[in-house]
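One letter stands for each residue in the lines below.
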Amino acid sequence: MRQHEDLFLITLQLDHYIMKKILIDTGASFNVLFRSAWKGLHRESNKLIQDHEPLISFSGDVVQPLGSDSFGVSLEGREGVTRATIEFIVVDCESSYNGILGRSALWKFKSFVAGHMLMMKLPTPTEIITIQGDQGAARS
């Protein structure tokens, strides 16, 4: 891939856990956490909310979500940090990523995404912070 065609992957904090390889996807309707990453957070499966319709996966397969779970999400840039509570749908399928941050989270953070620059800007009460994509992770 050429530099401007790399995936926009970031690292964020879910509650007290640092989570790498989160895909920023302005076209995704939902925020997704893949089961392998969710299990690494040591959450109890009985805490999942069971209220979601099946999803269509990237390959066109129908995927029944395991449920949904909410987390405190922190995004940190050089200038500061911003936080919000975000709901993720947990799915049991293979992925190169740990999760996907979709439109609902991006709008909640009031973010401006420049995917071709692997960068997004987010307002805080006192400043604008910049989040850079992890180009190394995107290429691995």
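Details of the structure are given in the entry above.
Since this is a predicted model, take the numbers as computed values, not measurements.

Student: Any details on the overall build of the protein chain? Residues and values, ideally.
Tutor: Each helix and strand counted, the protein chain has 3 helices and 11 strands in total. The linear arrangement of helices and strands in the protein chain, starting from the amino end, is β-β-β-α-β-β-β-β-β-α-β-β-β-α. Its C-alpha radius of gyration of 15 Å places the protein chain within 12% of the 14 Å reference for a compact globule of 140 residues. Along the three orthogonal principal directions, the C-alpha set of the protein chain runs to about 40 × 35 × 25 Å. Looking at the protein chain as a whole, 42% of its 140 residues are labelled buried. Considering only contacts in the protein chain between residues 6 or more positions apart, those separated by 24 or more positions represent 58%. Counting every atom, the protein chain has about 8,200 Å² of accessible surface; 50% of that belongs to carbon and sulfur.

Student: How would you summarise the sheet that holds strand β11 (residues 128-132) if you had to cite specific residues and measurements?
Tutor: The strand order β9-β10-β11 describes an open sheet built from 3 strands, whose pairing is antiparallel. Looking at the sheet topology across the chains shown, the edges are occupied by β9 (112-114) and β11. Direction aside, neighbouring strands of the sheet carry axes that sit 20° apart on average. Both β9 and strand β10 (residues 119-123) contribute to a ladder of 3 bridges, which runs antiparallel. Within β10, the position partnered with phenylalanine 112 by the bridge is lysine 121.

Student: Which residues make up the environment of aspartate 92, and what are the values?
Tutor: With respect to the helices and strands, aspartate 92 occurs in the loop between β7 (80-91) and β8 (99-101). Spatially, the C-alpha atoms of aspartate 92 and leucine 66 are 7.0 Å apart, while their sequence positions differ by 26 residues. With residues up to four places along the chain from it excluded, the contact list for aspartate 92 reads Arg35 and Leu66.

Student: Tell me what's going on with the packing of aromatic side chains, and back it up with residues and numbers.
Tutor: Taken as a whole and judged by the stated rule, the model has 1 aromatic pair. Ring centres of phenylalanine 71 and phenylalanine 88 lie 5.9 Å apart, and the angle between their planes is 70°; this geometry places the pair in the edge-to-face category. Residue phenylalanine 71 is located in strand β6 (residues 67-77), and its partner phenylalanine 88 is located in strand β7; the two are separated by 17 residues in the primary sequence. Here phenylalanine 71 matches phenylalanine 88 in class, with each residue buried.

Student: So what about the nonpolar core? Which residues, and what values?
Tutor: Of all hydrophobic cores here, the largest spans 28 residues; its most connected members are Ile10, Leu12, Leu14, Leu33 and Met120. Those elements that place two or more of their residues in this core are β1 (9-14), β2 (17-24), α1 (35-39), β6, β7, α2 (103-108), β10 and β11. Ranked by residue count, the leading element in this core is β7, at 4 residues. If we skip the residues at most four places from it in the chain, leucine 14 touches Met19, Leu33, Leu41, Phe71, Gly72, Val73 and Phe88.

Student: Before we move on, can you summarise the environment of glutamine 135 with the specific residues and values?
Tutor: Mapping glutamine 135 onto the fold places it in helix α3 (residues 135-139). According to the relative accessible area criterion, glutamine 135 is partly exposed, its value standing at 25%. Once the C-alpha coordinates of glutamine 135 and phenylalanine 8 are considered, the two residues, 127 residues apart in sequence, prove to be 7.6 Å apart.

How each quantity is defined
Residues numbered from 1 in each chain as written. Predicted model: local features only at pLDDT ≥ 70, side-chain atom pairs only at ≥ 80, totals over all residues. Heavy atoms only, no water. Helix = DSSP H or I, 4+ residues; strand = E, 2+ residues; numbered from the N terminus. Rg over C-alpha atoms; globule rule 2.2 N^0.38 Å. Buried < 20%, exposed > 50% of the residue type's maximum accessible area, 1.4 Å probe, protein only. Contact = heavy atoms within 4.5 Å. Areas by Shrake-Rupley, 256 points an atom, 1.4 Å probe, with all protein chains shown as cover. Pairing = 2+ DSSP bridges. Axes fitted to C-alpha atoms, helices over the stretch in contact; angles between N-to-C directions. Phe/Tyr/Trp six-rings, centres within 6.5 Å; stacked < 30°, edge-to-face > 60°. Core = buried A, V, L, I, M, F, W, Y, C linked by side-chain atoms within 4.5 Å.

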